[in-house]
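Here's the letter readout for the chains.
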Amino acid sequence: MIPRYLVDVELSQLPVIDKDVIVIGAGIAGLFTAIKASEHNSVLMITKKSLLDSNTRYAQGGIAAVISDEDSPAYHRQDTLIAGAGLCAHDAVDVLVHEGPEGVADLIQMGTQFDQEDGTYALTKEGAHSQRRILHANGDATGYEIVRALSEKIKDHDNIESWDDHFVIDLITHEGECCGALVQKPDGGRVYVRGKATVLCSGGAGQLYRYTTNPDVATGDGIAMAYRAGANIRDVEFIQFHPTALCYPGAPRFLISEAVRGEGAVLRNIKGERFMERYHEQLELAPRDVVARAIVSEMEITKSTFVYIDITHESADLVRRRFPTIYEFCLNYGLDLTTDWIPVAPAAHYMMGGVKTDLNGETNIKRLFACGEVSSTGVHGANRLASNSLSEAIVFGRRIVHRINNLEPLCKDVPSTLESPVRMASSIQAVVEKRLKLQKIMVRYSGLRRDGNGLSKGLDELKRQLPIFQTLLTKREQYEFANLLTCALLTTQAALTREESRGAHYRDDFPERDDLLWRKHTVLHREHGVTEERIDDV
């Protein structure tokens, strides 16, 4: 059993910091929400590394919103619903497609500089989009530009205090409300931060897998701490593997943006054969799950560890101008995007599920909100449409702030001692070894392709690591491993429960989509276990 809290502590003995709004994590969700909330509230931003370290920083393709006169919310809605494979919440998608342009306007007002052509915003097209609606910055560095603009605004803001290198261990709750968070400082000391609203913006859990496009901070902390606090965790079996991450000796799994295929790149197996016509009518611009599984199939057929992405037939000037970051990164490893086929393979990229929220970003725990990849708003369904993630963060960030502005001040006391089991000394085995073993289990049994026997075996192996929760944890890497183990257990249990294939969840033993039995969400709760949530027909 996963305990309510990771550590023993007497809250009454800790220093107390009071703020109106506590934002846990950075990225576009945390930065944007903090700025909007600061208009009427005192805000504390807590990051375990820095304002610049998040998945957003590495987002290349762009942000999806209806900007062009040739586009419409109806088209964006349809594309999102198709990609979501029957599990999208229609009301959440409607919110996204109608309020997205206002959120983009906010980003521009906050200093984000999107690329322009002839005085209008340049728009590109990505996989499963029917229209050009992707705004981008500096060619392929959209996320970095957004983080740059928002972090600069935060540094100059009197109403926002920012704590770098601080780790949020747990959420503090009392009588169904979130009262704040227990935070560990860089020197190992702890502090209780109290606020009328707490917003999880802690990102995803790409570090569940050995190969991921995510930075090392993506350890599922928000999902795990929300689960321990009693929040509903929904649809975490749906983990998106990006089809095209660089696969080259000595290089990290660097993302080769979907926009490269949007601008005409094709996929070839190691024999040089273009193969996507055998898998989907949209070829290289098919939904990500289709492309990722097609690549794995070709790798198996040709007994290779990669395929190629080829954009050498396009103008070299266009490639350098449109993808300067990717071009320069590949060049550092002796690969020229304009003349070479680039070796790629799928890598863990994005978690569609997360902490379940309503349309105002609030969870089943009052005063606890979730925004961005950590959340499950219902927008992404079983498979996220490319570039909808940045849009979701700003749209629901705006809604969260509106809800927070209408909250009454926090007035409840909390118990002085956090309930916890008797804890023993830490295991001799190094945490880095435990983490690597967990990642290997997830790749083997709960990865891009799954089956019941493998998932059951993986779950059993993961459960052998449960004693970590009965040990004395004091360091960031120990907390991160406990959070990764929690997310691994939840993901594997949800994947074992869903006996069908849908979106990013593929079961070899149940290869067909089953709308009659499985057009529903899987919901996990610490005390209630696994439950199901039917989807009402619209």
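All figures in this text were calculated on a predicted structure; none of them were measured in a lab. (Residues numbered from 1 in each chain as written. Predicted model: local features only at pLDDT ≥ 70, side-chain atom pairs only at ≥ 80, totals over all residues. Heavy atoms only, no water.)

A. Seen up close, the overall build of the chain. Broken down by element type, the chain carries 14 helices and 21 strands. Each principal axis of the C-alpha atoms in the chain carries an extent, and together these give about 65 × 55 × 50 Å. Counting over 538 residues, the chain shows a buried share of 63%. Considering only contacts within the chain whose residues lie at least 6 apart along the sequence, 72% involve residues at least 24 apart. When the accessible surface of the chain is split by element, carbon and sulfur atoms take 48% of a total near 20,400 Å². Separation of charge centres in the chain, based on 61 positive and 75 negative side chains, amounts to 5 Å. (Helix = DSSP H or I, 4+ residues; strand = E, 2+ residues; numbered from the N terminus. Buried < 20%, exposed > 50% of the residue type's maximum accessible area, 1.4 Å probe, protein only. Contact = heavy atoms within 4.5 Å. Areas by Shrake-Rupley, 256 points an atom, 1.4 Å probe, with all protein chains shown as cover. Lys, Arg positive; Asp, Glu negative; His and termini not counted. Charge placed at Lys NZ, Arg CZ, Asp CG, Glu CD.)

B. Layout of the nonpolar core. Membership of the largest hydrophobic core comes to 73 residues, with the highest contact counts inside it found for Leu200, Leu208, Val355 and Leu438. Ranked by residues supplied to this core, first place goes to helix α13 (residues 476-497) with ten residues. Ranked by size, the runner-up nonpolar core spans 45 residues in total, among them Ala26, Ile35, Met45 and Ala137. (Core = buried A, V, L, I, M, F, W, Y, C linked by side-chain atoms within 4.5 Å.)

C. Region of interest: the pattern of salt bridges. All told, the structure shown has 38 salt bridges when counted by the stated rule. In this structure, the salt-bridge partner of Arg398 is Asp106, at a minimum N-O distance of 2.4 Å. Separated by 292 residues along the polypeptide, Arg398 in helix α10 (residues 388-404) and Asp106 in helix α3 (residues 90-109) bring together distant segments of the chain. For Asp106, a relative accessible area of 13% translates into the label buried. Here Glu284 ties to Arg274 by a salt bridge, and the two come within 2.8 Å at their closest N and O atoms. Of this pair, Glu284 sits in the loop between β14 (266-268) and α7 (288-302) while Arg274 sits in the loop between β14 and α7, placing them ten residues apart in sequence. Among the charged side chains, a salt-bridge network with shared partners connects Glu237, Arg498, Glu500, Arg502, Arg513 and Asp515. (Salt bridge = Lys/Arg side-chain N within 4 Å of Asp/Glu carboxyl O.)

D. Molecular detail of the sheet that holds strand β3 (residues 63-64). Spatially, β3-β7-β6 is the arrangement adopted by the three strands of the open sheet, whose pairing is antiparallel. The two strands at the open ends of the sheet, each matched to only one other strand, are β3 and β6 (123-124). (Pairing = 2+ DSSP bridges.)

E. Focus on the packing of aromatic side chains. In total, this model carries eight aromatic pairs according to the counting rule given. Taken together, a centroid distance of 5.1 Å and an interplanar angle of 75° make the contact between Tyr209 and Phe241 edge-to-face. Residue Tyr209 is located in the loop between β11 (190-200) and α5 (221-229), and its partner Phe241 is located in strand β13 (residues 239-246); the two are separated by 32 residues in the primary sequence. Residue Phe241 is classed as buried on the basis of its relative accessible area, which comes to 9%. For the ring pair Phe254 and Phe329, a centre distance of 3.8 Å and an interplane angle of 10° mean the geometry is stacked. One end of the pair, Phe254, is in the loop between β13 and α6 (258-262); the other, Phe329, is in helix α9 (residues 324-331), and 75 residues separate them in sequence. Accessibility assignment for this pair places Phe254 and Phe329 in one class, buried. Ring pairs connect the aromatic residues Phe254, Phe329 and Tyr333, which therefore count as one cluster. The ring of Tyr211 is capped by Arg253, whose NZ or CZ atom sits 4.0 Å from the centre of that ring. The ring of Tyr350 has Arg384 lying over it, and the distance from NZ or CZ to the ring centre is 4.2 Å. (Phe/Tyr/Trp six-rings, centres within 6.5 Å; stacked < 30°, edge-to-face > 60°. Lys NZ or Arg CZ within 6 Å of the ring centre and 35° of its normal.)

F. Quick peek at unusual backbone geometry. Phi at Lys303 takes a positive value of approximately 55°, unusual for a residue other than glycine. Turning to its location among the elements, Lys303 is positioned in the loop between α7 and β15 (307-310).

G. Up close: the side chain of Asp336. Looking at the element boundaries, Asp336 is found in the loop between α9 and β16 (342-351). With no salt bridge to any partner, buried Asp336 finds its closest opposite charge in Arg320, at an N-O distance of 5.3 Å. With residues up to four places along the chain from it excluded, the contact list for Asp336 reads Tyr327, Leu331 and Ile342.

H. Spotlight on the sheet that holds strand β17 (residues 354-356). If you walk across this open sheet you meet the five strands as β19-β17-β12-β20-β21, and the pairing is mixed. Lying at the two open borders of the sheet, with one neighbouring strand each, are β19 (375-376) and β21 (529-534). Across the face of the sheet, α5 comes into contact with β12 (233-234), β17 and β20 (520-525) while running at roughly 45° to β17. (Axes fitted to C-alpha atoms, helices over the stretch in contact; angles between N-to-C directions.)

I. Highlighting the environment of Arg234. Along the polypeptide, Arg234 turns up in strand β12. Sequence-wise, Arg234 and Gly378 are 144 residues apart; in three dimensions their C-alpha atoms are separated by 9.3 Å. Excluding anything up to four places from it in sequence, Arg234 contacts Gly353, Gly354, Lys356, Thr357, Ser376, Thr377, Gly378, His521, Thr522, Val523 and Glu533. Within the local environment of Arg234, its side chain forms a polar contact with the side chain of Glu533, the two groups lying 3.0 Å apart. (Polar contact = N/O pair within 3.5 Å; in protein donor to acceptor, adjacent residues only side chain to side chain.)

J. Representation of the side chain of Asp221. Along the polypeptide, Asp221 turns up in helix α5. On the basis of relative accessible area, Asp221 is assigned to the buried category, the value being 7%. Dropping the residues within four chain positions of it, Asp221 is found in contact with Lys48, Phe167, Ser202, Glu480 and Asn483.

K. Broad picture of the packing of helix α12 (residues 452-463) against α13. In contact at an axis separation of 9 Å, α12 and α13 are set at 155° when each is read in the N-to-C sense. As summarised for this structure, α12 and α13 are arranged roughly antiparallel, according to the angle between their axes. Note that α12 runs across α13; the crossing there is left-handed. Here Gly452, Leu455, Ser456, Leu459, Leu462 and Lys463 of α12 lie close against α13, whose contacting residues are Leu485, Ala488, Leu489, Thr492, Gln493, Ala495 and Leu496. (Parallel < 35°, antiparallel > 145°, perpendicular 65-115°, else oblique. Left-handed = near helix turned anticlockwise from the far one by under 90°.)

L. Seen up close, α10. The terminal C-alpha atoms of α10, which comprises 17 residues, lie 24 Å apart, in line with the 24 Å expected from a rise of 1.5 Å per residue. α10 sits mainly inside the fold: 13 of its 17 residues count as buried. (Expected span 1.5 Å × (residues − 1).)

M. Up close: helix α4 (residues 142-155). Taking 1.5 Å as the rise per residue, α4 with 14 residues should run 20 Å; its terminal C-alpha atoms sit 20 Å apart, in good agreement. Along α4, the residues that are buried comprise Thr142, Gly143, Glu145, Ile146, Val147, Ala149, Leu150, Ser151 and Ile154.

N. A look at the packing of helix α1 (residues 27-37) against α4. Between α1 and α4, whose axes approach to 10 Å, the crossing angle comes to 35°. For the element pair α1 and α4, the recorded crossing hand is left-handed. The residues of α4 that touch α1, namely those facing Ile28, Leu31, Phe32, Ala34 and Ile35, are Ile146, Val147, Leu150, Ser151, Lys153 and Ile154. Of the residues that constitute the contact of α1 with α4, the class distribution is nine nonpolar, one polar and one charged. (Nonpolar A, V, L, I, M, F, W, Y, C, P; charged D, E, K, R; others polar.)

That's the geometry; what it means functionally is another story.
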